[in-house]
Amino acid sequence: MKVPVRVDGRELTLSNLDKVLYPEYGFTKAEVIDYYSRIAPVLLPHLQGRPLTVKRYPNGVAGQSFFEKNAPDHTPSWVRQVTLPAPGSTKNRETIDFAVVDDLPTLVYYANLAALELHVPQWRVDEDGEALPPDTLVFDLDPGAPATIVECCEVALMLREVLAGEGLTARPKTSGSKGMQLYADWDCREEPSAYARRLARLLEKEHPKQVVSVMTKAARPGKVFIDWSQNNPAKTTVAPYSLRAREQPTVSTPLLWKEVESCERPEELVFTAPDVLARVEKRGDLFSRA
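A brief structural summary. Every value quoted in this text rests on a predicted model; they were computed, and no experiment measured them. (Residues numbered from 1 in each chain as written. Predicted model: local features only at pLDDT ≥ 70, side-chain atom pairs only at ≥ 80, totals over all residues. Heavy atoms only, no water.)

So, on to the overall build of the chain. Regarding its fold elements, the chain presents six helices and 15 strands. Against the 2.2 N^0.38 benchmark of 19 Å for 290 residues, the chain shows a C-alpha radius of gyration of 19 Å, consistent with a compact globule. Overall, the chain is about 60 × 40 × 40 Å in size when its C-alpha atoms are taken along their principal axes. Sorting the 290 residues of the chain into buried and exposed places 53% on the buried side. Contacts in the chain between residues at least 24 apart in sequence constitute 65% of all its contacts with a sequence separation of at least 6. Once the 36 positive and 40 negative side-chain charges of the chain are each reduced to a mean point, those two points are 3 Å apart. (Helix = DSSP H or I, 4+ residues; strand = E, 2+ residues; numbered from the N terminus. Rg over C-alpha atoms; globule rule 2.2 N^0.38 Å. Buried < 20%, exposed > 50% of the residue type's maximum accessible area, 1.4 Å probe, protein only. Contact = heavy atoms within 4.5 Å. Lys, Arg positive; Asp, Glu negative; His and termini not counted. Charge placed at Lys NZ, Arg CZ, Asp CG, Glu CD.)

Now the structure itself:
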């Protein structure tokens, strides 16, 4: 069944609204669209100007998925698109036509495509579609079992201290999966991946039983991998407030530092779409730069 709707003056056609995309939770496509529509006021500022990569789940989280960088052929003309170089493209493309989610209609359009996960780089484009220098530094904290997000919180506090010593203020969020990320506004004092790698190696040297800075799987059990490589301009990180394709409709959720400091069990930092809507209503956007 197709349902025509008007969103901020744009005409869209929504489809398969009763399709269950999270079977274990009974969360439907209609609820996905509703979540993204209601979270838009705090989500859109973190997407605006950033070329979008999505992970689509047309048959739900239990079905096959695919990453999509190129805007689909049927993308409405009113969706902003930017053409950017694609170095190292797995499909040997010289350029990619990225969508940029600057408004609610575009967000709803992608939610209707079952684009559950929204991923963006640490840089934006200008009005002419030209890439700007990175404005954000990110550290992706990935626990190697049996470590969990509890251990990630311990490492996040170490990293917060190091960043503060460098004059940078860290903002924490869950990944919505196993780990978490720390963000900081970036002033381009040096190449961001090299800078992040240096800090990760410093913490690894100071806390060798807790921290690892190399991707080698064999080195990671029981430790937290600080993935500094997310600062490569070609890479993306899940956006704040994006859903994740887990058993439940979990969300990459901005945190209070006191939640990081007090975390004793992984389930304390698991937030679903309804949880996050309630958090934002109570606390606003914890990831705002204000």
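Counted under the stated rule, the structure contains six aromatic pairs. Ring centres 5.8 Å apart and planes at 75° place the aromatic pair tyrosine 22 and phenylalanine 27 in the edge-to-face group. The class of phenylalanine 27 is buried, set by a relative accessible area of 5%. A centroid spacing of 4.8 Å and a plane angle of 50° characterise the contact between tryptophan 186 and tyrosine 195, whose relative ring orientation is tilted. Across the pair, tyrosine 195 and tryptophan 186 agree in class, each one buried. Grouping aromatic residues by their ring pairs yields a cluster made of Tyr22, Tyr25 and Phe27. Looking at arginine 171, its charged tip hangs above the ring of phenylalanine 287, at a distance of 5.0 Å from the centre. Its end group placed over the ring of tryptophan 228, arginine 197 keeps NZ or CZ at 5.1 Å from the ring centre. (Phe/Tyr/Trp six-rings, centres within 6.5 Å; stacked < 30°, edge-to-face > 60°. Lys NZ or Arg CZ within 6 Å of the ring centre and 35° of its normal.)

Taking 1.5 Å per residue as the helical rise, helix α1 (residues 29-47) with its 19 residues ought to reach 27 Å, whereas the 21 Å between its terminal C-alpha atoms falls clearly short. Approximately 80° is the largest bend angle found in α1, and it occurs at alanine 40, with the proline proline 41 only one to four residues beyond. If you check which residues of α1 are buried, you get Lys29, Val32, Ile33, Tyr35, Tyr36, Ile39, Ala40, Val42, Leu43, Leu44, His46 and Leu47. Buried residues belonging to α1 abut β2 (10-15), β3 (20-22), β4 (27-28), α2 (104-112), β9 (115-120) and α6 (273-283). Following α1 by one or two positions, glycine 49 has its phi on the positive side, about 80°. (Expected span 1.5 Å × (residues − 1). Bend = angle between axes of the 7 residues up to and from the residue.)

Glancing now at the pairing of strand β10 (residues 136-143). The buried count for β10 comes to seven of eight residues, which makes it a mostly enclosed element. When β10 meets strand β12 (residues 180-185), the two strands line up antiparallel, connected through six bridges. Paired with phenylalanine 139 across the bridge in β12 is leucine 182. (Pairing = 2+ DSSP bridges.)

The next thing to look at is the sheet that holds strand β15 (residues 237-238). In spatial order, the strands read β6-β5-β9-β15; together these four strands make up an open sheet with antiparallel pairing. The sheet terminates laterally at β6 (66-68) and β15, the two strands that pair on one side only.

Before going further, it helps to spend a moment on the nonpolar core. Residues Tyr35, Tyr36, Ile39, Phe139 and Leu141 are the most contacted members of the largest nonpolar core, which totals 80 residues. Discounting residues that sit within four places of it in the chain, tyrosine 35 has contacts with Tyr241, Leu243, Val251, Ala273, Val276 and Leu277. With eight residues, the next largest nonpolar core counts Ile96, Phe98, Trp123 and Val125 among its residues. (Core = buried A, V, L, I, M, F, W, Y, C linked by side-chain atoms within 4.5 Å.)

When you line up the elements, threonine 106 lands in helix α2. Side chain to side chain, threonine 106 and aspartate 103 meet in a polar contact 2.6 Å long. (Polar contact = N/O pair within 3.5 Å; in protein donor to acceptor, adjacent residues only side chain to side chain.)

This paragraph deals with empty space enclosed by the protein. This structure, assessed with the given rule, holds one cavity of 30 Å³ or more. In this structure, the largest cavity spans a volume of roughly 110 Å³. (1 Å grid on protein atoms, 1.4 Å probe; cavity = no way out; pocket = protein on both sides within 12 Å on 5 of 7 lines; lining within 4 Å. Points joined across faces, edges and corners; volume = space filled by probe spheres on them.)

This part takes up the packing of α1 against α6. Describing two packed helices takes the angle between their axes plus the distance from one axis to the other. At their nearest, the axes of α1 and α6 sit 10 Å apart, and the two run at 35° to each other. Once α1 is placed against α6, the crossing between them reads as left-handed. Residues Tyr35, Arg38, Ile39 and Val42 of α1 form the contact with α6, whose participating residues are Ala273, Val276, Leu277 and Val280. Grouping the constituent residues of the contact of α1 with α6 by class yields seven nonpolar, no polar and one charged. (Axes fitted to C-alpha atoms, helices over the stretch in contact; angles between N-to-C directions. Left-handed = near helix turned anticlockwise from the far one by under 90°. Nonpolar A, V, L, I, M, F, W, Y, C, P; charged D, E, K, R; others polar.)

Here α2 lies mainly inside the structure; nine of its nine residues are buried. Taken as a whole, α2 has its buried residues at Leu104, Pro105, Thr106, Leu107, Val108, Tyr109, Tyr110, Ala111 and Asn112. Elements that come into contact with the buried residues of α2 comprise β1 (2-7), β2, α1, β5 (53-56), β8 (95-99) and β9. Just beyond α2, the residue with positive phi is alanine 114, at close to 60°.

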